[in-house]
Each structure stands twice: as structure tokens, then as C-alpha cells.
Amino acid sequence: MQVVSAGGTPELMPQGRMVQPSSPNRWLRRQFRGIKPETLQSVLAAAEQGRDLEDYVDLAMFAKRLDPHLASVLDTRTLAVASSEFSVDPADESDASKAAADFCYRELTEFTGFENLVSGLMFSEYIGWSAAEHDWQRKRAEWHSAPRIIQPRDIRFRSDWSVELRTYRDAPAGAWFPVSGENPARFMVHVPQKSDTPNLSGDFHSVSWPWLFKRWMEIWRQTGMERSANPFLYGVYPKNAKPETRQALLDGLQNMSGEHTAVFEEGTLPDILEAAKQPGEAWSAVIDKINADISKGLLGSTLNVEVLATGGNRALGESQFDTTILPRLRAMAKRIAGTIEKHWFAPLLRFNSHLFGGIPKTPVLKFLLVQQGGQEVSPLVWSAALNSGVVKVDELRGILGFDPLGPEAGGDEVIRQAPAAPQGGSFAAAGSTPDGAEPGQAAE
């Protein structure tokens, strides 16, 4: 189907979906149970050379599925963005831009899978790439989309770093096709521009070796607990004991357990040899250290997902959040917002240009990662705080990213909501008056 842009040029409207995932009864992923260092080295080397990204993705997914700490850390940063409030701001003050911003905001709020979409796009920070496919539908004489995430293992790069996708539609073994050859309004490709090429920029590279070492240490810890958790029983018999006496003592020891009893000949009562150290204690300490390294590698901080030797120091945890975690989350959120603006808002406004009398400027998407005291504060909470007069001018300026005014310029004054005027209410600093009137004197 064709739609006509503002300039009168026909533009093809993508219809239906091209990427069909594999059948649910076909398990195509590689198994990594009992993975050894040489296997990990092989998978990472292949990913570094761009030869085989499927094994890399399968291993990263395998690690997340079976490691509760890794899953917790990844979900912590993913949901911090996916579950946050957001705003869509107009590109300028024109009526068309404001209408476009409202239209795009309604598009996101009415899409029930938006949180799932953002979560899928956030996964690119972990492996290096992600993508979604639009599903354009006609509703209320308007075009709308319900994007669906594409499985990361069905994405790869060509020699020029352009993206290819795989579909199992009419191809049981899967067929690859280049995104560049398709309508640009069909796909949302999200490849974070970090310090390296996409196949090397995923965070799994930095935590893969600690994850593998921890996995083996957990096995050794369980083995130690199995062998040494219970006290060691032994019996001592006289030098000249008869063979049947020695055999009776051995049989008694072998038959004895925590829930059983045994009978020993007089003088052959076994002794108990207690372990000098709790089984697995040394391994547990190293595993905790590795978990902390994984937290720092993915979040930049440990105190916001676990309590260590600091005893849960709240002030230290808040400081680490403000200086390490929050900047990372903001960067991730901005990258995702840029992808949505380019690959969703822009075609959405083109296809619905008849609503605006032309193609308006693309609005700006912002994820509201506002933090106060280490806790997320929604816009509704901030509105209540402003109305109640508990926020100072410089505090609000700091949240908005502006430089403080200082006490001499009114930065310490409390913000209160002014009485409603016919045009609507406005916020004013406590003690200030309109039009330069003296305190207690109404303006003319």
C-alpha cells in the first residue's frame, strides 16, 4: 500500500511481518552445560572475529537464565529504564510540533507492549545489538505500529557492518536477508555506539570469564559440602585385634549415618573428627567477590543490589548510585530514545502527515530517570512536592541539570504554587510577588 508524503511523493507502507521466528518445538540453541574454559575461549574468539555470533548470543542467554545474580543485575538496569515514566517533548513551539508530540506520546501509551519493547532494546547493552519489526495497522483513519522484538540470535552483521536478519517463514532452515534492501520504515535496529565494534561492545565480554569461574567454584563448593559437611567418624582398634573385630568396627562405621545407629564392641567406640573450617567457606568468599565484580561490571556499583561489608550504608549506596549507576542508565535510555525517535516517530509522522498538514519535526523522547535520595520519583510525586512547598529553587534546578543560583539569588527559596489565574496556575518561589509588587501587596 502507498501513502503520500507532504511533498506529494508516494511512499510504500510496509505490510505484514517478514521475520518469522523458528518453531517453538525446534531447539536450535547450543547447549553449554558443563562448559569449560576452552569452550568459552572458542566462543569469544569467534565473536571477536565476527564469524559466529549465534554461539555468543546463546551463551550470553544461557548465563542469564541459570545465574540468579547475573539475571538480577541485568534486570535491575533493564527495568529501571523500561518501567520508568517518559515524556515526549515537541521539537519547537509551533502548533504542529506540539500536536506531533501529543500524537507520538499517545502512540507509546496506547501500545501495551512498550515496556517489553524497551526491555528487548535494552538487551543490546548486554550483547551489543537488538532489533524489532514494525506491524503497521490502520486505526481511526490513522497509521499505528505494534513493534515486536526480533530474537538476537537471528541478527548478524555483514562485512560492511550492515545488518542482516533471519526468518523461518517458508524456510525451515532459516533464510538471511539484508535490512538495507527493505523499506526503512519496517525495522527498528538498535546498535549502541560504544567504544568498539558491535560484536565486541556487549557487556557480556567483561563478565563472561568471572561468570565461568564462579560456575565451577559453585560445583567445587557443593562437592566440598557433600564430602565434609558431616563430621568424620573413625574407630581405633588394638594392635592385636582379631580380624572379625576389625571387620565389625568397619561395618558399624559404614552403616552409621545421621539418622542411623550402630553397635560396637566394647573398646571400639568411634571418635568424631570435626572439620577445622566450614565446608565451602573459602569458595563462598571467592564467589561473593566474583558477584561483586559482575555487579560493578554491569552497574558500576555493588551496594544497590547487595549488602557487603559496609552493612548496607545508605549514604554510600546513594552516592554510588548518583555517580556510577545513574549516568549509565541515562546513557542507555538516551540511546534507546534516539532509536525510537528515528525508527518509529519519524515514519509514524510521515504516514500520518495528513493529520498535521505536512510532516512535522520529530519530537524528543525522554525517559524520566529522576532520582531523589536513591529512590525513583515519578512526575506525580514531584508535582505534589512542588505544590506542598518542600522543594527549593536550586534543588529543582539541579534535577533539571541547571547550575544553582546560590542563596543570594534566591536559590534557597522554597517553591510554592501561585494562586490559579484565569490562564492557569504557575510556580513561584515563596516570598516572591508578581510584577515587582511588595510582599503582602497585590499587583495592579
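Being a predicted model, the structure only gives us computed values, none of them experimental.

### Quick look at the overall build of the protein
Phase 1: The number of helices and strands found in the protein is 13 helices and 18 strands.
Phase 2: Counting over 444 residues, the protein shows a buried share of 40%.
Phase 3: Sequence separation of at least 24 residues holds for 65% of the intrachain contacts in the protein that already meet a minimum separation of 6.
Phase 4: Roughly 24700 Å² of accessible area belongs to the protein as shown, and the carbon and sulfur atoms make up 52% of that amount.

### Overview of the packing of helix 1 (residues 37-48) against helix 2 (residues 53-66)
Phase 1: Taken N-terminus to C-terminus, the directions of helix 1 and helix 2 make an angle of 125°; their axes are 8 Å apart at the nearest point. Classified by the angle their axes make, helix 1 and helix 2 are oblique. Between helix 1 and helix 2 lies a crossing of left-handed hand. Of the residues in helix 2, those in contact with Leu 40, Val 43, Leu 44 and Ala 47 of helix 1 are Leu 53, Asp 55, Tyr 56 and Leu 59.
Phase 2: Looking at side-chain class alone, the contact of helix 1 with helix 2 contains 7 nonpolar, no polar and 1 charged residues.

### Digging into the sheet that holds strand 8 (residues 155-157)
Phase 1: The strand order across the open sheet built from 3 strands is 8-9-10, with neighbouring strands paired in antiparallel fashion. Only two strands of the sheet have a single partner each, and these edge strands are strand 8 and strand 10 (175-178). Taken pair by pair, the neighbouring strands of this sheet meet at an average axis angle of 35°, ignoring direction.
Phase 2: Pairing of strand 8 with strand 9 (residues 163-167), which is carried by 3 bridges, proceeds in the antiparallel orientation. Counterpart to Arg 156 in the pairing with strand 9 is Glu 164.

### Here we look at helix 3 (residues 68-82)
Phase 1: Taking 1.5 Å as the rise per residue, helix 3 with 15 residues should run 21 Å; its terminal C-alpha atoms sit 20 Å apart, in good agreement.
Phase 2: Where helix 3 begins, the side chain of Asp 67 points an oxygen toward the backbone nitrogen of His 69, at a separation of 3.0 Å.

### A short note on the packing of helix 3 against helix 5 (residues 114-122)
Phase 1: The contact between helix 3 and helix 5 brings their axes to 9 Å, and the two run at 135°. What the angle tells us is that helix 3 and helix 5 run oblique. Viewed along their axes, helix 3 and helix 5 form a crossing whose handedness is right-handed. Counted together, Arg 77, Thr 78, Leu 79, Val 81 and Ala 82 of helix 3 and Glu 115, Val 118, Ser 119 and Met 122 of helix 5 form the full contact between these two elements.
Phase 2: Of the residues belonging to the contact of helix 3 with helix 5, the class tally is 5 nonpolar, 2 polar and 2 charged.

### Describing the sheet that holds strand 11 (residues 187-190)
Phase 1: With antiparallel pairing, the 3 strands of this open sheet are ordered in space as 7-4-11. This sheet does not close on itself; its edge strands, each paired only once, are strand 7 (148-149) and strand 11.
Phase 2: In this structure, strand 4 (residues 130-133) lies alongside strand 7, joined through 2 bridges in antiparallel fashion. When the sheet's bridge partners are listed, Ala 132 is paired in strand 7 with Ile 149.

### With respect to a negative patch on the surface
Phase 1: A cluster of like negative charges, contributed by Glu 395, Glu 408, Asp 412 and Glu 413, occupies part of the molecular surface.
Phase 2: The class of Glu 413 is partly exposed, set by a relative accessible area of 34%.

### As for the environment of Gln 222
Phase 1: Relative to the helices and strands, Gln 222 resides in helix 8 (residues 204-228).
Phase 2: Placed 61 residues apart in sequence, Gln 222 and Trp 283 show a C-alpha to C-alpha distance of 9.5 Å.

### A look at the nonpolar core
Soluble globular proteins: nonpolar side chains tend toward being buried together.
Phase 1: Phe 114, Trp 344 and Phe 367 are the most contacted members of the largest nonpolar core, which has 83 residues in total.
Phase 2: Sorting elements by how many residues they give to this core places helix 11 (residues 314-351) first, with 13 residues.

### Some thoughts on the pairing of strand 5 (residues 136-139)
If a strand is regular, its side chains alternate between the two faces of the sheet.
Phase 1: Two elements, strand 5 and strand 6 (residues 142-145), share 4 bridges in a ladder whose sense is antiparallel. From the neighbouring strand, Gln 137 faces strand 6, where its bridge partner is His 144.
Phase 2: Between strand 5 and strand 6, which pair antiparallel one after the other, the connecting turn spans 2 residues, and Arg 140 there sits at a positive phi close to 55°.

### What about the environment of Glu 125?
Phase 1: Tracing the chain through its elements places Glu 125 in helix 6 (residues 124-127).
Phase 2: Judged by relative accessible area, Glu 125 falls into the buried class, the value being 0%.
Phase 3: Note: C-alpha distance between Glu 125 and Pro 198 (73 residues apart in sequence) is 9.9 Å.
Phase 4: In this structure Glu 125 touches Arg 77, Pro 192, Lys 194, Ser 201, Gly 202, Asp 203, Met 332 and Arg 335, once residues within four positions along its chain are discounted.

### Quick word on helix 4 (residues 95-110)
Phase 1: The end-to-end C-alpha distance of helix 4, which contains 16 residues, comes to 22 Å, matching closely the 22 Å that a straight helix rising 1.5 Å per residue would cover.
Phase 2: Listed in full, the buried residues belonging to helix 4 are Ser 97, Ala 100, Ala 101, Phe 103, Cys 104, Glu 107 and Leu 108. The arc that holds the buried residues of helix 4, viewed along the axis, is 165°, so those residues lie on one side. Exposed positions of helix 4 whose direction lies more than 90 degrees from the buried face are Asp 95 and Asp 102.

### Structural notes on the packing of aromatic side chains
Phase 1: Going through the model one piece at a time under the given rule, you end up with 16 aromatic pairs.
Phase 2: Measuring from centroid to centroid gives 6.0 Å for Phe 177 and Phe 187, while their planes differ by 40°, and the two rings are tilted. Of the two residues, Phe 177 is situated in strand 10 and Phe 187 in strand 11; the sequence distance between them amounts to 10 residues. Take Phe 177 and Phe 187: they sit in the same class, and that class is buried.
Phase 3: Each member of the aromatic cluster is reached from another via a ring pair, and the members are Tyr 56, Phe 123, Tyr 126, Trp 129, Phe 157, Trp 161 and Phe 204.
Phase 4: For Arg 156, the ring lying beneath its charged end belongs to Trp 176, and the centroid distance is 4.1 Å.

### Looking at the side chain of Glu 142
Phase 1: Checked against the element boundaries, Glu 142 lands in strand 6.
Phase 2: Those residues in contact with Glu 142 that lie beyond four places of it in its chain are Phe 103, Arg 106, Gln 137, Asn 352 and Leu 355.

Criteria and thresholds
The residue numbering used here restarts from 1 in each chain and proceeds along that chain's sequence as written. Per-residue local features are limited, in this predicted model, to residues with pLDDT of at least 70; the limit for side-chain atom pairs, both in listing and counting, is 80 or more; totals at the level of whole chains, interfaces and linings are taken over all residues. The side-chain figures draw on all heavy atoms in the structure; neither hydrogens nor water molecules are used. Each helix corresponds to a stretch of at least 4 residues labelled H or I by DSSP, and each strand to a stretch of at least 2 residues labelled E; elements are numbered beginning at the N terminus. Relative accessible area decides the class of each residue, using a 1.4 Å probe on protein chains only: under 20% of the type maximum gives buried, over 50% gives exposed, and in between gives partly exposed. Contacts: residue pairs with any heavy atoms within 4.5 Å of one another. Only the protein chains shown count as cover for residues, and all accessible areas are computed by the Shrake-Rupley method using a 1.4 Å probe. In this description, a line fitted to the C-alpha atoms serves as the axis of each element, helices being fitted only across the stretch in contact, and the angle between N-to-C directions of two axes falls anywhere from 0 to 180 degrees. Throughout, the term roughly parallel applies to angles under 35 degrees, roughly antiparallel to angles over 145, roughly perpendicular to angles from 65 to 115, and oblique to all others. For any helix crossing, the convention is left-handed if the near helix is rotated counterclockwise from the far helix by under a right angle, and right-handed if that rotation is clockwise. Under this grouping Gly is polar, as are all residues other than the nonpolar Ala, Val, Leu, Ile, Met, Phe, Trp, Tyr, Cys and Pro and the charged Asp, Glu, Lys and Arg. Whether two strands pair depends on DSSP finding at least two bridges between them. Residue count minus one, scaled by 1.5 Å, sets the expected span of a helix. Think of a polar contact as two N or O atoms within 3.5 Å of one another; within protein, one of them needs to be a possible hydrogen donor and the other a possible acceptor, and neighboring residues in sequence only count if both atoms come from side chains. What goes into a patch is any residue over 30% in relative accessible area without a salt bridge, connected to like charges within 9 Å or, for nonpolar side chains (Val, Leu, Ile, Met, Phe, Trp, Tyr), within 5 Å. Take a side-chain nitrogen of Lys or Arg and a carboxyl oxygen of Asp or Glu: if they are within 4 Å of each other, that pair is a salt bridge. Think of it this way: Lys and Arg go in the positive column, Asp and Glu in the negative one, and His and the chain ends go nowhere. In plain terms, the charge of a residue is placed at NZ if it is Lys, CZ if Arg, CG if Asp and CD if Glu. Grouping buried Ala, Val, Leu, Ile, Met, Phe, Trp, Tyr and Cys residues that are joined through side-chain atoms within 4.5 Å yields what is termed a nonpolar core. The arc refers to the directions leading from the helix axis to the C-beta atoms. Classification of ring pairs rests on two measures: the distance between centres of Phe, Tyr or Trp rings, Trp counted by its six-membered ring, which must be within 6.5 Å, and the angle between planes, read as stacked under 30 degrees, edge-to-face over 60 and tilted in between. Any Lys NZ or Arg CZ that is within 6 Å of a ring centre and within 35 degrees of that ring's normal is treated as a charge sitting over the ring.

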